[in-house]
Amino acid sequence: MGNLDDDGANFDGSYGNSNGTPISNGHIPNHTTFVQHDEKEKQREGKKQLNNVKVSEEQLLRLKELKFSAPAYTEIRTRSGGLNFKNTEEGNYHPDNGHWEEEEEEERCGQKSDKFKPSQADGVLSAEQEHYQKTSFEDVPLHTACLTYLGFYLLMILGYINQLLFVPKVATEKGREGYVTLYDAFESFYSRYVYRRVRDCWNRPICSVPGDELILKDRVTDDYGWSFRFTGTETRCLNLGSYNYLGFASATGRCADESEQRAREKGLAYCSSRCELGNTQLHLDLERLTARYCGVEDAIVFGMGFATNALNLPSLLGPNCLVVSDEKNHASIILGLRLSGATTRVFRHNSMRDLESVLRNGVCYGNPKDGGRPFKKIMILVEGIFSMEGSIVRLPEIIALKKKYKAYLYLDEAHSVGSMGPNGRGVVDYFKADPKDVDILMGTFTKSFGSAGGYIAGSKKLIDFLRTNSHAHCYAGSISPPIVQQIYTSMSIIMGEDGTDTGRNKIQQLARNTRYFRRRLAQIGVITYGHEDSPVVPMLVYLFSKIGAVIRTLTTRHIAVVGAGFPATPIMEGRIRFCLSAAHTKEQLDYALEVIDDVSENLGLKYSRKPRDPNPIEY
């Protein structure tokens, strides 16, 4: 599917109808406002209108050219199984009924004009249409799909043969007769005979700060991945794998200096939970700052991002609750839901129709485990940026559904806080939504803030409840002093409370790097997933063997990246995940893109069938 508004033009000013009444940009006036004339009169009236507007055909073409060079108008295809557009060539789209409704068009210069199609630039593009125009997705080519399945099952077959013929080089327990198996048989097999073949591409140790560059400790294997030994050498690489979105993970600068000073003054740990002897003024100041940053009444902080989800969801949910969860949600969310005992129903990724269908059924049919009685509460659980997909949640539409069905909304902003929005305050800021429309705002300090831990923000009543009932607050150790200081300093810089523009500059630099990198990858011809403004950029390589080949080849060219394959992704969707940072320069990105282009050519990764922009991409 191409763009939804191929023929629109973005006018800088308003234009008038035959009565001189101004018409807002992009809106077609009602036909009753025009005086009815014969064909010749219409032609003369159309010429007058064109003269009044003073826009020549050449200027219109130029305006179109400029408009469609923007990233928002890249050609995309929607996911199969997701929200499908039908009859999208013309007219106005109505999300309620899923089709375009025809509108009467006016004639200009005696000829039927092209249908004026809605666009965000004209201020009439719906949130649904804007999302799909800004989100990249392509179906896998058929021959690639066949090779991917064939290659994966060939690995499995070779693994079973290997298991039969050779004794695995793993420790075995003695005297366990009569005991049930402690480990899952398939997981053990997969780890030993499939994952082991590319094990050198994961769990790679580093010995530096994960800034724009990092240093890998070199290691080799002499037994085909069963074990590794260090060579004593190191390799400096361009870092395209860490979540250092705003570049605060640095050994120098204000954050590092103040954290070091705090460690000298307060030590490295409090050795107690917040409910005992681990609560200090530092933690209270950080919580107040976090609440201001999120635009809500109060906040509570925790020492681990994963535990923020896994240990707080059971405090908020119970067996008689319904959770409607996106199918691409993080493992920490899934674990928290399992611990809670709540009824969980999954909806297709970012599909508002499927979400509404699940909500409607939950309200209408109630809890089947309780004889169809209504659920005690219903909660929608989504992420801001989905870490494996690079996609962004459709927040305005979810808020509308949340209000319609009186459900709670839990938003995990682990990857989006700091990296999204003009003020770096996540997808709520990006969509200019009211933070109070989100009942529970969750985020982590491990990414944009270059630190560790997580937070939950919301109403004071919610936070007071968590301070009493959260396992992560009552039993886990409190955040150490230097970690608290790193978070406080970086957040103050983002908010501009340090009196400088450093935070805003970092946010703008990350946005610029993200747009440039994604557009250049599209120009190269590889398939990427995700939203154009997401700093998480998955590049599809599909075949399991190609994940290892790409990572190894890029490492030899001094680029460190992260690969993801089954079971972290579907078998069909092996990928390389790039994570961009405000610390990256254009020169670094250009070098990486040049190498990626070369590697993609040699390994056959240019699967994209979209037309490529031949023009240079501006930074």
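(A) Representation of helix 17 (residues 502-524) in the model. The terminal C-alpha atoms of helix 17, which comprises 23 residues, lie 33 Å apart, in line with the 33 Å expected from a rise of 1.5 Å per residue. Those residues of helix 17 that fall on the buried side of the exposure criterion are Gly503, Ile507, Gln509, Leu510, Asn513, Thr514, Tyr516, Phe517, Arg518, Arg520, Leu521 and Ile524. For helix 17, the elements touching its buried residues are helix 16 (481-495), strand 17 (530-531), strand 18 (536-542), strand 21 (574-579) and helix 19 (586-603). Directly beyond the C-terminal end of helix 17, a positive phi value near 110° is found at Gly525.

(B) View of the environment of Tyr195. Along the chain, Tyr195 turns up in the loop between helix 5 (185-193) and strand 8 (213-220). Residues Tyr195 and Gly565 lie 370 residues apart in sequence; the distance between their C-alpha atoms is 9.6 Å. Apart from the residues within four sequence positions on either side, Tyr195 is in contact with Tyr190, Trp202 and Asn203. For Tyr195, the side chain forms a polar contact with the side chain of Asn203, separated by 3.0 Å.

(C) Broad picture of the sheet that holds strand 8. With mixed pairing, the 3 strands of this open sheet are ordered in space as 8-9-19. Looking at the sheet topology across the chains shown, the edges are occupied by strand 8 and strand 19 (559-560). Both strand 8 and strand 9 (residues 229-239) contribute to a ladder of 7 bridges, which runs antiparallel. The residue of strand 9 that forms the bridge with Leu216 is Thr235.

(D) Just the environment of Gln509, in detail. The residue Gln509 is located in helix 17 in this model. Along the primary structure Gln509 and Leu246 are separated by 263 residues, whereas in three dimensions their C-alpha atoms are 8.5 Å apart. When residues no more than four places from it in sequence are discounted, the contact partners of Gln509 are Ala582, His584 and Tyr619. Of note is the side chain of Gln509, whose polar atom sits 3.3 Å from the backbone oxygen of His584.

(E) Up close: the packing of aromatic side chains. As enumerated under the stated definition, the model contains 21 aromatic pairs in all. Aromatic side chains Phe186 and Tyr190 sit 6.1 Å apart centroid to centroid with 35° between the ring planes, which places their arrangement in the tilted category. Within this pair, Phe186 and its partner Tyr190 are both found in helix 5, separated by 4 residues, close to a single helical turn. Taken together, the ring pairs in this structure connect Tyr149, Phe152, Tyr153, Tyr160, Phe186, Phe189, Tyr190, Tyr193, Trp226, Phe544 and Phe566 into an aromatic cluster. Over the face of the ring belonging to Phe230 we find Lys217, whose NZ or CZ atom lies 5.4 Å from the ring centre. Residue placement shows Lys506 over the ring face of Phe248; its charged tip is 4.9 Å from the ring centre.

(F) Up close: the sheet that holds strand 18. Reading across the sheet, the 3 strands line up as 18-21-20 and stay open at both edges, with antiparallel pairing between neighbours. Of all the strands in the sheet, the pair left with one neighbour each is strand 18 and strand 20 (562-564). Averaged over neighbouring strand pairs, the angle between their axes works out to 30° when direction is ignored.

(G) Highlighting the pairing of strand 14 (residues 408-412). In terms of residue burial, strand 14 counts as a mostly covered element, since 4 of its 5 residues are buried. In terms of strand pairing, strand 13 (residues 377-383) meets strand 14 through 5 bridges, oriented parallel. Note that in strand 14 the partner of Met379 across the bridge is Tyr408. With respect to chirality, the unit in which strand 13 leads through helix 12 (residues 395-404) into the neighbouring parallel strand 14 is right-handed.

(H) Geometry of the side chain of His283. You can see His283 is positioned in helix 7 (residues 281-294). Of the residues examined, His283 reaches a relative accessible area of 0% and is grouped as buried.

(I) Spatial organisation of the pattern of salt bridges. Taken as a whole and judged by the stated rule, the model has 31 salt bridges. Glu497 serves as the salt-bridge partner of Arg292, at 2.8 Å between the closest nitrogen and oxygen. Pair noted here: Arg292 is in helix 7 and Glu497 is in the loop between helix 16 and helix 17, with a separation of 205 residues, a long-range link. Given the relative accessible area of 41%, Glu497 is considered partly exposed. Overlapping salt bridges bring together Arg274, Glu287, Asp298, Lys460, Asp464 and Arg467 as one network.

(J) Looking closely at unusual backbone geometry. Following Phe566, the chain continues into Pro567 via a peptide bond in cis, with omega recorded as 10°. As for its position among the elements, Pro567 is in the loop between strand 20 and strand 21. Of note, Asn350 is a non-glycine position whose phi angle comes to about 60°, a positive value. Assignment of secondary structure puts Asn350 in the loop between strand 12 (343-347) and helix 11 (352-365). The phi dihedral of His558 is positive, around 65°, even though this residue is not glycine. Among the structural elements, His558 can be located in the loop between helix 18 (544-556) and strand 19.

(K) Spotlight on the confidence of the model for the protein chain. Summing up the model confidence of the protein chain, the mean pLDDT is 82 and the portion of residues at 70 or higher is 79%. Low pLDDT, under 50, characterises residues 1-40; the predicted model gives this stretch 95 contacts beyond four residues in sequence or across chains.

(L) View of the pairing of strand 11 (residues 321-326). Counting buried residues along strand 11, 6 of its 6 residues qualify, which places the element largely inside the surrounding structure. Burial along strand 11 is two-sided: the face carrying Cys321, Val323 and Ser325 and the face carrying Leu322, Val324 and Asp326 are both buried. Here strand 11 runs beside strand 13; their pairing, made up of 5 bridges, is parallel. What sits directly across from Val324, in strand 13, is Ile380. In the sheet, strand 11 pairs with strand 12 via 5 bridges, with the strands oriented parallel. Of the residues in strand 12, the one forming a bridge with Asp326 is Phe347. Tracing the backbone out of strand 11, into helix 10 (residues 331-340) and back to the parallel element strand 12 gives a crossover that is right-handed.

(M) Fine view of helix 19. Counted at 1.5 Å a residue, the expected span for helix 19 with its 18 residues is 26 Å, and the 25 Å between its end C-alpha atoms agrees. All buried positions along helix 19 are accounted for by Gln588, Leu589, Ala592, Leu593, Val595, Ile596, Val599 and Ser600. Positive backbone phi, at 70°, marks Gly604, one or two positions downstream of helix 19.

(N) Broad picture of the packing of helix 6 (residues 254-266) against helix 16. Packing of helix 6 against helix 16 brings their axes to within 8 Å, and their N-to-C directions diverge by 150°. In this view, helix 6 runs roughly antiparallel relative to helix 16, as classed from their interaxial angle. Helix 16 is crossed by helix 6, and the crossing has right-handed handedness. On helix 16, the residues touching Arg254, Cys255, Ala256, Glu258, Ser259, Arg262, Ala263 and Lys266 of helix 6 are Pro481, Pro482, Gln485, Gln486, Thr489, Ser490 and Ile493.

Definitions and limits used
- Residues numbered from 1 in each chain as written.
- Predicted model: local features only at pLDDT ≥ 70, side-chain atom pairs only at ≥ 80, totals over all residues.
- Heavy atoms only, no water.
- Helix = DSSP H or I, 4+ residues; strand = E, 2+ residues; numbered from the N terminus.
- Expected span 1.5 Å × (residues − 1).
- Buried < 20%, exposed > 50% of the residue type's maximum accessible area, 1.4 Å probe, protein only.
- Contact = heavy atoms within 4.5 Å.
- Polar contact = N/O pair within 3.5 Å; in protein donor to acceptor, adjacent residues only side chain to side chain.
- Pairing = 2+ DSSP bridges.
- Phe/Tyr/Trp six-rings, centres within 6.5 Å; stacked < 30°, edge-to-face > 60°.
- Lys NZ or Arg CZ within 6 Å of the ring centre and 35° of its normal.
- Axes fitted to C-alpha atoms, helices over the stretch in contact; angles between N-to-C directions.
- Right-handed = clockwise from strand over helix to strand, strands pointing away.
- Salt bridge = Lys/Arg side-chain N within 4 Å of Asp/Glu carboxyl O.
- pLDDT = per-residue confidence, 0-100.
- Parallel < 35°, antiparallel > 145°, perpendicular 65-115°, else oblique.
- Left-handed = near helix turned anticlockwise from the far one by under 90°.

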